[in-house]
Amino acid sequence: MSKTAEAEGALETRGIEQVPDAERTGRTRELFPTWVGANISVLLLTMGASLVVAYHLAFWQALVCAVAAPVVSYGLVGLIGIAGKRGGAPGMALSRAVFGQRGNLLPGALIWVARWGWETINAVTGAYAMLTVLDIVFGLKANSVLDMVMLLAFVVATFAISGLGINAVQKCNKYATYLFGLFSVLVLVYLVVDTDWSKVFSHSAGSTAAVITGIGMIAAGGVSWIPTAPDFTRYLPRTASSKAIVGTSVGGAGIVVLPMVLMGAVMAVSTPDLASASDPVSFLGEILPTWIAVPYLLIALIGMLLINSMSMYSAGFTAQTLGFRIPRHWAVSVNAVISLAFGGVLMLVATSFMGSFIAFLSLLAVAFSAWVGVFGADMLRRTEYDGRAMADTTRTSAYWYKGGFSPAAVASWAIGLVAGLMFTTSDWFTGPLAKNNVIGEYGLGWVATIVISGVLYLVLPKPAALTPSATGTTAAEPAGRTESVRA
């Protein structure tokens, strides 16, 4: 949290510019509730159930997926988040130092568009949660008009929270975490008592390929946060512990993902038709008693509001780096309108939510992973970011490189993206290399994307190392410096 933000109240006015050292007074422990809040979603229950229903996994295999997915995905979130405390700026602003001022528009635009999809999925899930509560409490059945009213209400609430800024989001996350944790324990106790455990443990084991694919499906949600990780670490001082950044990211996500996915796997015993369901939420009203289902869905609804608020908060920065010269809260409104339009299409047209959701996740992971590979590889050689050069989008910028592009970064990103898609299988798209090989059959297209783009960037010739300008606002963080723990 910055001193400026505290002085101004809840509304954050800082945009993509570098945060001055004097304002970087955050603590790494504040990341824990941030990443807890980023996972308060009933979609995790749905994904846990799909491991059993769609991937045909046994309970112990679902446990493997629930443990491995947050370690992999949020481990990467934490590692990329280190760049935030080094550079004091949002992820897509720091990305200018890697891709060049013009080159950064390419991955930035793709990530912005991909984030529309993620926000749309969350908005639709939130609307379905409200519809389920209305059905349980008042007997109101969903129809086209009510669907759109609930979707609009969710999007407007999301815009209101994200427009206030990081302080509002973090405070909401803190209280939502406590409430969600309490009711999750109640749900867990109910399931322990009410579930036919012989049916749960008698489920036959699935293939190794299905397990790895399941890990990728759950991890995709975390992968979508990787480019925005610096957005939430830019207020940390340079002396903040890198180990603590990674640890709090994995811990905050894991403490939610693990029990939620396992609860979903247990619930799958009672929802064999989930894979073909038109929405991902109503099954909770059938499995849980009303006194648990209603408050649990309402708290989960708050969680999904916060998830979309965090996403739109970062999307506002991405829009600004793409050249939209408008305040961040107005940039957020663009995503709000888009998620409303796309959400309406999904609710009114799609026949199977889970089919569309899983297909979207497989493509989403690849879209984000190409940037992750290049940016992550660049972090191995760059320990400082020139704030003045990031803000200067003209030819005078130290990050202009060749015509505004870093050829090595752009080429590595493009080749990695195309290669990853060639290995990817989904209901919407199947790459030509997705069959008859381990990468395609195990759903590792997104991993291949990270590896290919990262390795290419490391071996291709890059622009000569640039020294921050004398008037820059950044002081170098000495290579090899021992970082003290500031939690």
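Residues numbered from 1 in each chain as written. Predicted model: local features only at pLDDT ≥ 70, side-chain atom pairs only at ≥ 80, totals over all residues. Heavy atoms only, no water.

Student: Please explain the overall build of the protein chain as it appears in this structure.
Tutor: Looking only at helices and strands, the protein chain features 20 helices and zero strands. Put simply, the protein chain has 487 residues, and 59% of those count as buried. For the protein chain, the share of sequence-separated contacts (at least 6 apart) that also reach a separation of at least 24 residues comes to 87%. Accessible surface for the protein chain amounts to roughly 18300 Å². Of this, 69% is attributable to carbon and sulfur atoms. (Helix = DSSP H or I, 4+ residues; strand = E, 2+ residues; numbered from the N terminus. Buried < 20%, exposed > 50% of the residue type's maximum accessible area, 1.4 Å probe, protein only. Contact = heavy atoms within 4.5 Å. Areas by Shrake-Rupley, 256 points an atom, 1.4 Å probe, with all protein chains shown as cover.)

Student: What am I meant to see in the side chain of Ser-41 here?
Tutor: With respect to the helices and strands, the residue Ser-41 is situated in the loop between α2 (31–37) and α3 (43–53). Using a relative accessible area of 5% as the deciding quantity, one classes Ser-41 as buried. In this structure the side chain of Ser-41 is engaged in a polar contact, spanning 3.1 Å, whose partner is the backbone nitrogen of Leu-43. Residues within four places of Ser-41 in sequence aside, it is in contact with Asn-122, Met-260, Met-304 and Ile-307. (Polar contact = N/O pair within 3.5 Å; in protein donor to acceptor, adjacent residues only side chain to side chain.)

Student: What should I look at first to understand the pattern of salt bridges in this one?
Tutor: Side chains that differ in charge, positive against negative, can pair when their charged atoms come close. Taken as a whole and assessed by the stated rule, the structure comprises five salt bridges. Between Lys-141 and Asp-135 there is a salt bridge, with the nearest N and O atoms lying 3.0 Å from each other. Judged by its relative accessible area of 29%, Asp-135 falls in the partly exposed class. Here Asp-378 makes a salt bridge to Arg-382, at a shortest N to O gap of 2.7 Å. Overall, the relative accessible area of 13% leaves Arg-382 in the buried class. One connected set of salt bridges, linked through shared partners, spans Asp-21, Arg-24 and Arg-238. (Salt bridge = Lys/Arg side-chain N within 4 Å of Asp/Glu carboxyl O.)

Student: Looking at this structure, how should I read the packing of helix α7 (residues 105–138) against helix α18 (residues 407–422)?
Tutor: When two helices pack together, their arrangement is given by the angle between the helix axes and the distance between those axes. Contact pair α7 / α18: the axes reach a minimum separation of 10 Å and the direction vectors enclose 40°. In terms of axis orientation, α7 runs oblique to α18. Note on element contacts: α18 touches α7 through Val-410, Trp-413 and Leu-417, opposite Leu-106, Pro-107 and Leu-110. Grouping the amino acids of the contact of α7 with α18 by side-chain chemistry returns six nonpolar, no polar and no charged. (Axes fitted to C-alpha atoms, helices over the stretch in contact; angles between N-to-C directions. Parallel < 35°, antiparallel > 145°, perpendicular 65-115°, else oblique. Nonpolar A, V, L, I, M, F, W, Y, C, P; charged D, E, K, R; others polar.)

Student: Hey, could you run me through the confidence of the model for the protein chain in this one?
Tutor: Low pLDDT means the predicted atomic positions in that stretch should not be read closely. Overall, the prediction assigns the protein chain a mean pLDDT of 82, with 85% of residues at 70 or greater. Confidence, read as mean pLDDT per element, is least for helix α1 (residues 3–8) in the protein chain (41) and greatest for helix α4 (residues 59–87) (96). Counted against residues more than four places away or in other chains, residues 1–10, with its pLDDT under 50, gives 21 contacts. Every residue in residues 465–487 is under pLDDT 50, and counting partners more than four places away or in other chains gives 49 contacts. (pLDDT = per-residue confidence, 0-100.)

Student: Explain the packing of α3 against helix α11 (residues 208–223) to me, please; I cannot follow it from the model alone.
Tutor: One way to put it is that α3 packs onto α11 with a least axis distance of 11 Å and a crossing angle of 165°. Overall, the two elements α3 and α11 adopt an arrangement that is roughly antiparallel. In terms of crossing hand, the pair formed by α3 and α11 is right-handed. Residues Met-47, Ser-50 and Leu-51 of α3 form the contact with α11, whose participating residues are Gly-214, Met-217 and Ile-218. (Left-handed = near helix turned anticlockwise from the far one by under 90°.)

Student: Sorry if this is basic, but what is going on with the packing of aromatic side chains here?
Tutor: What characterises a pair of aromatic rings is the spacing of the ring centres plus the angle enclosed by the ring planes. Evaluated as defined, the whole model comprises eight aromatic pairs. Centre to centre, the rings of Phe-59 and Trp-197 are 6.4 Å apart; their planes meet at 90°, and the pair counts as edge-to-face. Remark: Trp-197 occurs in helix α10 (residues 197–201) and Phe-59 occurs in helix α4; sequence separation between them is 138 residues. On the basis of relative accessible area, Phe-59 is assigned to the buried category, the value being 19%. Residue Trp-197 is classed as partly exposed on the basis of its relative accessible area, which comes to 27%. Look at Trp-371 and Phe-375: their rings are 4.5 Å apart centre to centre, the planes differ by 15°, and that puts the pair in the stacked class. (Phe/Tyr/Trp six-rings, centres within 6.5 Å; stacked < 30°, edge-to-face > 60°.)

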